[in-house]
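One-letter residues, chain by chain:
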Amino acid sequence: MMNYEDLSNVYVSQHDFNVFHSIDRELYTLMVITLLRDPAESLQIMALWIWLEQKGFKNVVKQMLSFPHFLINELAEEALSFLNFILAGNAASFSYENGDMSVIQSLMEKELAFHFFYENRINAAQEIAKIVKEVCVRALSDIMARPILERSAALTKELAQKSHQMAIGSPVAVASTAGGSSVEIHPDDRTMFVTFSKGYPVSEWELENFLTVNYGNCLESIHMQEVGKNEQSLFARIVFVSPTTIEKILDGSVKVKFAINGKHVWMRKFVQKFNGAAMLHQQQG
């Protein structure tokens, strides 16, 4: 199968180059236009994912395009942790609290662990920089240059969809304040994001049973990844009745790891992020 290195010694028109990288362009567009992530930062993230494919981790970008937007954001955040470690060049800069690899690892056929990045960090920094310069800038620069108005329209649409989901979606929990008044708590603020290890499937029933046994009648709903018959869900979102359950589960940590019937499960607070929103606001102001 041809890769971008096969194109380095032959002339390729810009059109053909874009076609060859159509999947990369689609994912990059989603990150910077729809999710409003930083364009320059996203170039480096794309370069890292392309680099992983070159190292034998198959179809990284193609897989991600099938995921919901919140999961692509999670993967991008993990990628930033990897990049920070690679560029910093010392193991102390990599924190499992701030830079775990539980999400991307759950998607891979082969192991992707800390030692892989540690052993490859010197070459990785050079190779990723080369991919940014020779591939990403050429294949994605026209997307970077799209007017800010397009991102503004995407944000407006996303907010409208979210408002619609609030109107028809999960009921809003109500908490009582010290004065006796009630405060509505949006489902996102009562939600945890869960990932499972590939090859070790965890069913919705197992997840529900584990949480009920350990934390009581705390669940409002569980949303497993939708997959085909005989395929494994790799992630889920859990909406709790009260956010206090999340505090009990995390116990002061950013994320926690459990074993459910001998199978590893990682849990963290769900965050619906739009990293470019602040930048957009500043540019419009």
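Bear in mind the structure is a predicted one, so any value in this text is a computation, not a measurement.

1. Considerations on unusual backbone geometry
Unusually for a residue other than glycine, Asn230 sits at a positive phi of about 65 degrees. The class for Asn230 is exposed, based on a relative accessible area of 77%. Residue Asn261 is not a glycine yet carries a positive backbone phi of 55 degrees. Its location among the elements puts Asn261 in the loop between β6 (255–260) and β7 (263–269).

2. Some remarks on helix α9 (residues 204–215)
Spanning twelve residues, α9 covers 16 Å between terminal C-alpha atoms, matching the ideal 16 Å at 1.5 Å per step. Glu206, Leu207, Phe210 and Leu211 are the residues of α9 that are buried. What you see down the axis of α9 is that its buried residues fit within an arc of 120 degrees, all on one side. Of the exposed residues in α9, those oriented more than 90 degrees away from the buried face are Trp205 and Val213. Looking one or two residues past α9, Gly216 carries a phi angle of roughly 80 degrees, positive in sign.

3. What about the side chain of Gln232?
Relative to the elements of secondary structure, Gln232 occurs in the loop between β4 (219–224) and β5 (235–240). Contacts of Gln232, omitting those with residues within four sequence positions, involve Phe196, Ser197, Lys198, Gly199, Tyr200, Pro201, Gln225 and Val227.

4. Structural notes on the pattern of salt bridges
Oppositely charged side chains may form a pair once their charged atoms are brought near each other. Scanning the entire structure with this criterion turns up eight salt bridges. Between Arg268 and Glu74 there is a salt bridge; the shortest N-O distance is 3.1 Å. Of this pair, Arg268 sits in strand β7 while Glu74 sits in helix α5 (residues 69–88); the two residues are 194 residues apart in sequence, bridging distant segments of the chain. Residues Arg268 and Glu74 agree in their burial class; the two are buried. Close ionic contact of Glu206 with Lys263 constitutes a salt bridge, the shortest N to O distance being 2.9 Å. With Glu206 in helix α9 and Lys263 in strand β7, the pair connects residues that are 57 residues apart, well separated along the chain. For the pair Glu206 and Lys263, a shared accessibility class is recorded, and that class is buried. One continuous salt-bridge network, built from bridges that share partners, spans Arg37, Glu41 and Glu77.

5. A word on the nonpolar core
Within the largest apolar cluster, 51 residues are counted, with the highest numbers of intra-cluster contacts made by Met46, Leu48, Trp49, Trp51, Leu52, Phe117 and Ile128. Looking at this core, the elements that each hand over two or more residues are α2 (22–34), α3 (39–54), α4 (60–64), α5, α6 (102–107) and α7 (114–144). If you look at the next biggest cluster of nonpolar residues, it comprises 22 residues, including Val202, Ala236, Ile238 and Phe240.

6. A word on the sheet that holds strand β3 (residues 191–196)
Across the sheet, five strands lie side by side as β4-β5-β3-β7-β6; this open sheet has antiparallel pairing. Lying at the two open borders of the sheet, with one neighbouring strand each, are β4 and β6. Across the sheet, the axes of successive neighbouring strands diverge by a mean angle of 25 degrees, strand direction being ignored. Looking at chain direction, β4 and β5 are connected through five bridges and run antiparallel. Paired with His223 across the bridge in β5 is Arg237.

Reading the values: the criteria
- Residues numbered from 1 in each chain as written.
- Predicted model: local features only at pLDDT ≥ 70, side-chain atom pairs only at ≥ 80, totals over all residues.
- Heavy atoms only, no water.
- Buried < 20%, exposed > 50% of the residue type's maximum accessible area, 1.4 Å probe, protein only.
- Helix = DSSP H or I, 4+ residues; strand = E, 2+ residues; numbered from the N terminus.
- Expected span 1.5 Å × (residues − 1).
- Arc of directions from axis to C-beta.
- Contact = heavy atoms within 4.5 Å.
- Salt bridge = Lys/Arg side-chain N within 4 Å of Asp/Glu carboxyl O.
- Core = buried A, V, L, I, M, F, W, Y, C linked by side-chain atoms within 4.5 Å.
- Pairing = 2+ DSSP bridges.
- Axes fitted to C-alpha atoms, helices over the stretch in contact; angles between N-to-C directions.

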